[in-house]
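Architecture and fold: a report
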Amino acid sequence: YQSDQQGFGLGTFGGSNFNSYPKHFQLQQGWLFAERAIDASCGFDIGGRVDYIYGTDAPEVQAFGNPGSTRYDNSWDNGSNYGSALPQLYMEIGYGDISAKIGHMITNIGFESVEATKNFFSSHSFAFNISQVSYTATGVLAKYSGLDNVTVTGGWVEGVNTGFEDNGDAFIGGIALDLTDRLNASYNVMGGKFRDQPGSGPLAQGYIHSVVAEYDVRCDLKYAMQTSLVDLNDGEATAVGISNYLFKTVNDCTTLGARFEWLNSDGLATNAVDEDLYELTLGMNYRWCANLLFRPELRWDWSENVDTGVKDDGFSYATSAILTF
């Protein structure tokens, strides 16, 4: 299986990790994976997964949380914008309603994902770029699905954005609820020591948690929201905000979407700056055929420095195509 995301964008705003190479036609994600999914319904089973990514997004999912700059995949760069990464390399075991992943894995906290195929928009929210302090980690994550409409996860990771090297000690877990036929919600949290030794940033400990809810207003209209809170080093850097999503299905090939977001970042987006960030994004997903999807969007960003009152704004356009096979 391969996910091939080609993108072109005009302009950037705020602290952006992904989509950080504007005004260029580029390969963002050339994604390959091999997986042996488990089926533990009849007893013990074992499987696993390995992912490889090449493109301008790859440096963002390397193990830059490792204490050394050349450890695991952290030096797999190709120039200043392209690179390679192994964002997942884990074994999975299961027995009945209990399963566990052991190894290096993506830690999706929030509504949006590292994987382009799981996102409606070409660009990412401020919450994804700023509040999600961990994209990958190495450790153990267990899951229990033996309760009606409830899934519980919990585990331990050796710091954030690490690849098979101990550089922290943090809990990761959450709960997912199917509340009604139309409404589901999830709570995810990561807390502890995120970095013991200097990697790409300062030593840090604290927590991040998010609440995500999705509601089918009707068969062709869906609303989703995410609220998140981050606190690092006892309030030295914090972020809190809410992201709103609305998706309207026009027909089998076309879906329209909107995202409106507010995020207050005190020292996370810009060092030692307390600022309110806003963005409004309007986009469309058009499926040309079964395995080719186009995602054009228009985006308006604006901000205000809480201390000085200085305001800024910017407009951007982006489009991307995702080919899967």
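Note: the structure precedes this text.
Let me begin by describing the structure that accompanies this report.

The rules behind these values
Residues numbered from 1 in each chain as written. Predicted model: local features only at pLDDT ≥ 70, side-chain atom pairs only at ≥ 80, totals over all residues. Heavy atoms only, no water. Salt bridge = Lys/Arg side-chain N within 4 Å of Asp/Glu carboxyl O. Buried < 20%, exposed > 50% of the residue type's maximum accessible area, 1.4 Å probe, protein only. Pairing = 2+ DSSP bridges. Helix = DSSP H or I, 4+ residues; strand = E, 2+ residues; numbered from the N terminus. Core = buried A, V, L, I, M, F, W, Y, C linked by side-chain atoms within 4.5 Å. Contact = heavy atoms within 4.5 Å. 1 Å grid on protein atoms, 1.4 Å probe; cavity = no way out; pocket = protein on both sides within 12 Å on 5 of 7 lines; lining within 4 Å. Points joined across faces, edges and corners; volume = space filled by probe spheres on them. Nonpolar A, V, L, I, M, F, W, Y, C, P; charged D, E, K, R; others polar. Patch = residues over 30% accessible without salt bridge, like charges linked within 9 Å, V, L, I, M, F, W, Y side chains within 5 Å. Areas by Shrake-Rupley, 256 points an atom, 1.4 Å probe, with all protein chains shown as cover.

Considerations on the pattern of salt bridges
One pass over the structure, following the stated rule, counts 14 salt bridges. Notably, a salt bridge pairs Lys 222 with Glu 214, separated by 2.6 Å at the nearest N-O pair. Ionic pairing is found between Asp 220 and Arg 218, a salt bridge with its closest N-O pair at 2.7 Å. Residue class for Arg 218 comes out partly exposed when judged on its relative accessible area of 47%. Residues participating in the shared-partner salt-bridge network are Glu 35, Arg 49, Asp 51, Glu 115 and Lys 118.

A closer look at the pairing of strand S15 (residues 274–289)
Across 13 bridges, the pairing between strand S14 (residues 254–266) and S15 is antiparallel. The residue bridging Asp 266 from the neighbouring strand is Asp 274, located in S15. Relative to strand S17 (residues 297–305), S15 runs antiparallel, the two sharing nine bridges. Pairing of Glu 279 across the sheet is with Asp 301, part of S17. Counted between consecutive antiparallel strands, the loop separating S15 from strand S16 (residues 292–294) contains two residues.

Examining the nonpolar core
Soluble globular proteins tend to pack their nonpolar side chains together in the buried interior. Counting residues in each nonpolar core, the largest one holds 18 residues, and the members touching the most others are Met 190, Phe 194 and Ile 208. Contributing elements (two or more residues each) for this core: helix H1 (126–131), strand S9 (169–178), strand S10 (183–195), strand S12 (221–232) and strand S13 (237–249). If near-sequence neighbours (up to four positions away) are discounted, Phe 194 is found in contact with Val 133, Gly 159, Val 160, Asn 167, Gly 168, Ala 170, Ala 204, Gln 205, Gly 206, Tyr 207, Ile 208 and Leu 232. Counting residues in hydrophobic clusters, the runner-up holds 10 residues, among them Val 61, Ile 106, Phe 128 and Tyr 135.

Some remarks on the layout of surface pockets
Here the largest pocket defines a volume of roughly 1100 Å³. Contributing to the lining of the largest pocket are 40 residues, with Lys 101, Asn 108, Leu 141, Thr 153 and Asn 188 lying nearest its centre. Elements that contribute at least two residues to the lining of the largest pocket include exactly strand S5 (82–95), strand S6 (98–106), strand S7 (136–147), strand S8 (150–157), S9, S10 and strand S11 (204–218). Tallied by class, residues from the lining of the largest pocket come to 18 nonpolar, 13 polar and nine charged.

Brief notes about a nonpolar patch on the surface
On the surface, Ile 98, Tyr 144, Leu 147, Val 152, Ile 175, Tyr 187 and Val 211 cluster together to form a nonpolar patch covering roughly 540 Å² of accessible area. Mapped onto the secondary structure, Tyr 187 falls in strand S10. Given the relative accessible area of 32%, Tyr 187 is considered partly exposed.

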